[in-house]
Structure formats: structure tokens, C-alpha cells
Amino acid sequence: MKESRVAGIQRGLHGQIVEEMAQRILSGTIPEGATINVTELQADLGVSLTAVREALKVLTAKGLVDARQKRGTFVRPRADWNLLDADMIRWHFKDADARPELLEELHEVRGIVEPAAARLAAVRGADSHLAALDEALAAMESAGDDLAAVAADLAFHRALLAATGNELLTKMEVIMETGLADRDRLVHKVKPSGDPVPSHRRVVDAVRAHDPDGAELAMRELLAKAASDLTEVRGSSRKGRR
């Protein structure tokens, strides 16, 4: 048991080192093309050189850094970063308030993916998919706090992607989940939330009726409301900073 706890602590520390180094790169504190002085970084973080090198292996796999003879370890161009990696998405959205363009990009992706997903779900959705969508709606209705409401919203959109029967589309939940959760928390924090059930139920009703056009339209209307809420929240935030 003691060995297990120690291993967990070590894994936790490793994750913290990786995330701290990633955030420095993503924020531009360590800019693209910069050479990383591993010894200085190790001293700054107050960890072992081995820990830094292990963290760099993780960041290398995600396309953030690379190493070359004579040049050493350096930050790769942003175009090389694996932005669809689950950790990368989470790290990006960790400070979404400071980078509002991320939520705009998320909305653009959702506007491309989810109406098409709703169409496919209306054609291919099975009883098990409809049951998952109904369960998410029930969770929305009974959500007692913002945390439960966010979880129910994520479950709904995950179920909708699954209902497409397209394995590649279901992987889009990696993008949706982190960004959508941040968007929901931001809106709920600033703006009293309206009842989300009717707009989501219209999507489910169209999917159940095998109505692709109706499902796509209902999803577009849902996304338009989400965009309007975010715009309103941003306006309130700006006024509050004046």
C-alpha cells in the first residue's frame, strides 16, 4: 500500500512538471524556436534533471519540442504541435479567459461537426443511442447545480456523436468535452442559466423521428443560442473590468 501511494505521488509530480512546462510553451513564455536550457529549467522548477528529461519526452511526443545535435532541445513551430491531443486541449483551455479566441474556435468546430452529426444520428441512431440521449435530458432536468448541469450537457453531446455510428466523429468528443465544459462553466458563472432542456429535446425528438433536416436545424438553433449566451457573457465581463 505504501509503495502504491509513493508511485501515485511520483506520477502526480511528473504530471505537474509536464503541465508546467507545457503551459510555459503554450503561453509563449518559452517561445517557438527557443532553445531550452535544460539545466536552468531544472533549477527553476526545483526538480531533478531526470524528471525534466522525462517530461520533455512527453512534450516531444505531443509535438511541442524536439532535440537536435549541436542545437539541443528547442520548441517546435506551432504548426507542428498536436493540438488534437487530449492533454493539449485541456492545457489550452485551462486559461480560456485569457485566450477567448479558443472558445470562438470551439464554436466554429461545433458549427461544422454537430449539425452534421445530428443529421447522421437521425439516420443511424439506434434505440440504445436514443436511451443515452434521453438519460442526458433527464440529468439536465434534475441537475441541482452548475456542475451537474455541465456534466449532463457533456453527456448529451457525447451521446449524439456516438449516435452517428462514425468512429472518427466520436473521437471529436476529445475536442468538445474540455472546451464545452469551460464554455458552460463560464456562462453559468456570469449569467443565470435558462432551461436547456427544450432546445436539446428538439434535437432528440428529430433524431427519434428519423428527420435529418429537423435534427440539423434543431442543432443549429441550439448552437446559435449557445453563441448568443457566450457573447452576452463576454460583454458583461468587459464591462466588469472597466
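Data block above holds the structure.
Every chain is numbered independently, its residues counted from 1 as its sequence is written. In keeping with the predicted nature of the model, local features appear solely for residues at pLDDT of at least 70, side-chain atom pairs appear and are counted solely at 80 or more, and the whole-chain, interface and lining totals rest on all residues. Based on all heavy atoms of the structure, the side-chain values leave hydrogens and waters out of the count.

Caption draft 1: Representation of the environment of Gly15 within the structure. Labels follow the DSSP assignment, with helices taken as runs of H or I lasting at least four residues and strands as runs of E lasting at least two, numbered in each case from the N terminus. Inspection of the secondary structure puts Gly15 in helix H1 (residues 2-26). On the accessibility criterion, Gly15 (32% relative accessible area) is partly exposed. Spatially, the C-alpha atoms of Gly15 and Val58 are 9.7 Å apart, while their sequence positions differ by 43 residues. The buried label applies to any residue whose accessible area, calculated with a 1.4 Å probe on protein chains only, is under 20% of its type's maximum; exposed applies above 50%, and partly exposed to all values in between.

Caption draft 2: Layout of the pairing of strand S2 (residues 72-75). With 4 bridges connecting them, strand S1 (residues 65-68) and S2 associate as antiparallel partners. Within the sheet, the bridge partner assigned to Val65 lies in S2 and is Val75. A loop of 3 residues connects S1 with S2, the two strands running antiparallel in sequence, and Lys70 in this loop sits at a positive phi of about 75 degrees. Pairing between two strands is assigned when DSSP locates at least 2 bridges connecting them.

Caption draft 3: Main features of the packing of helix H6 (residues 127-142) against helix H7 (residues 146-162). Direction vectors running N to C along H6 and H7 enclose 165 degrees, while the axes themselves pass 8 Å from each other. The orientation of H6 with respect to H7, classified from their angle, is roughly antiparallel. Where H6 crosses over H7, the handedness of that crossing is left-handed. Of H7, the residues touching H6 (which contributes His129, Ala132, Leu133, Ala136, Leu137, Ala139 and Met140) are Ala152, Asp153, Ala155, Phe156, Ala159, Leu160 and Ala162. Amino acid classes used here: Ala, Val, Leu, Ile, Met, Phe, Trp, Tyr, Cys and Pro are nonpolar; Asp, Glu, Lys and Arg are charged; the rest, including Gly, are polar. When its residues are assigned to classes, the contact of H6 with H7 shows 12 nonpolar, 1 polar and 1 charged. Between N-to-C directions, angles cover 0 to 180 degrees, with each direction set by a line fitted to C-alpha atoms, over the stretch in contact for helices. Throughout this description, any angle smaller than 35 degrees is read as roughly parallel, any larger than 145 degrees as roughly antiparallel, any in the 65 to 115 degree range as roughly perpendicular, and the remainder as oblique. Each helix crossing is assigned a hand: it is left-handed if the near helix lies turned anticlockwise from the far helix by less than a right angle, otherwise right-handed if that turn is clockwise. Contacts are assigned to residue pairs with any non-hydrogen atoms lying within 4.5 Å of each other.

Caption draft 4: The arrangement of the side chain of Arg110 in detail. Take Arg110: it is sitting in helix H5 (residues 101-124). The class for Arg110 is buried, based on a relative accessible area of 4%. Under this definition, polar contacts are N or O atom pairs within 3.5 Å; protein pairs additionally need one hydrogen-donor-capable and one acceptor-capable atom, and for neighbouring residues in sequence, both atoms have to be side-chain atoms. A polar atom in the side chain of Arg110 sits 2.6 Å from the side chain of Glu114. Among residues more than four places away in sequence, those in contact with Arg110 are Pro115, His157, Met176, Leu180, Leu222, Leu223 and Ala226.

Caption draft 5: Up close: empty space enclosed by the protein. Of the grid points, spaced at 1 Å and generated over the protein atoms alone, those admitting a 1.4 Å probe that cannot get out make up cavities, while open sets with protein on both sides within 12 Å along at least five of seven lines make up pockets; any residue with an atom within 4 Å of a point is treated as lining. Grid points are joined across faces, edges and corners, and a volume is the space filled by probe spheres set on the points. Tallying each qualifying case throughout the model produces 2 cavities of 30 Å³ or more. Around the second largest cavity sit Leu154, His157, Arg158, Leu161, Glu173, Met176, Glu177 and Leu180, which together line it. Elements that contribute at least two residues to the lining of the second largest cavity include exactly H7 and helix H9 (173-190). Within the lining of the second largest cavity, the residues separate by chemical class into 4 nonpolar, 1 polar and 3 charged.

Caption draft 6: Quick look at H6. Each helix should span, by expectation, one fewer than its residue count multiplied by 1.5 Å. The terminal C-alpha atoms of H6 lie 22 Å apart, and with 16 residues this matches the ideal 22 Å at 1.5 Å per residue to within 8%. Here the buried face of H6 lies against H7 and helix H10 (197-208).

Caption draft 7: Local environment of the pattern of salt bridges. Whenever Lys or Arg places a side-chain nitrogen within 4 Å of a carboxyl oxygen from Asp or Glu, that contact is recorded as a salt bridge. Tallied over the full model, the rule gives 15 salt bridges. Measuring nitrogen to oxygen at the nearest pair gives 3.3 Å for the salt bridge that ties Glu19 to Arg90. One end of the pair, Glu19, is in helix H1; the other, Arg90, is in helix H4 (residues 86-93), and 71 residues separate them in sequence. Residue class for Glu19 comes out buried when judged on its relative accessible area of 15%. Linked by salt bridges that have partners in common, Glu19, Lys62, Asp85, Asp87 and Arg90 make up one network.

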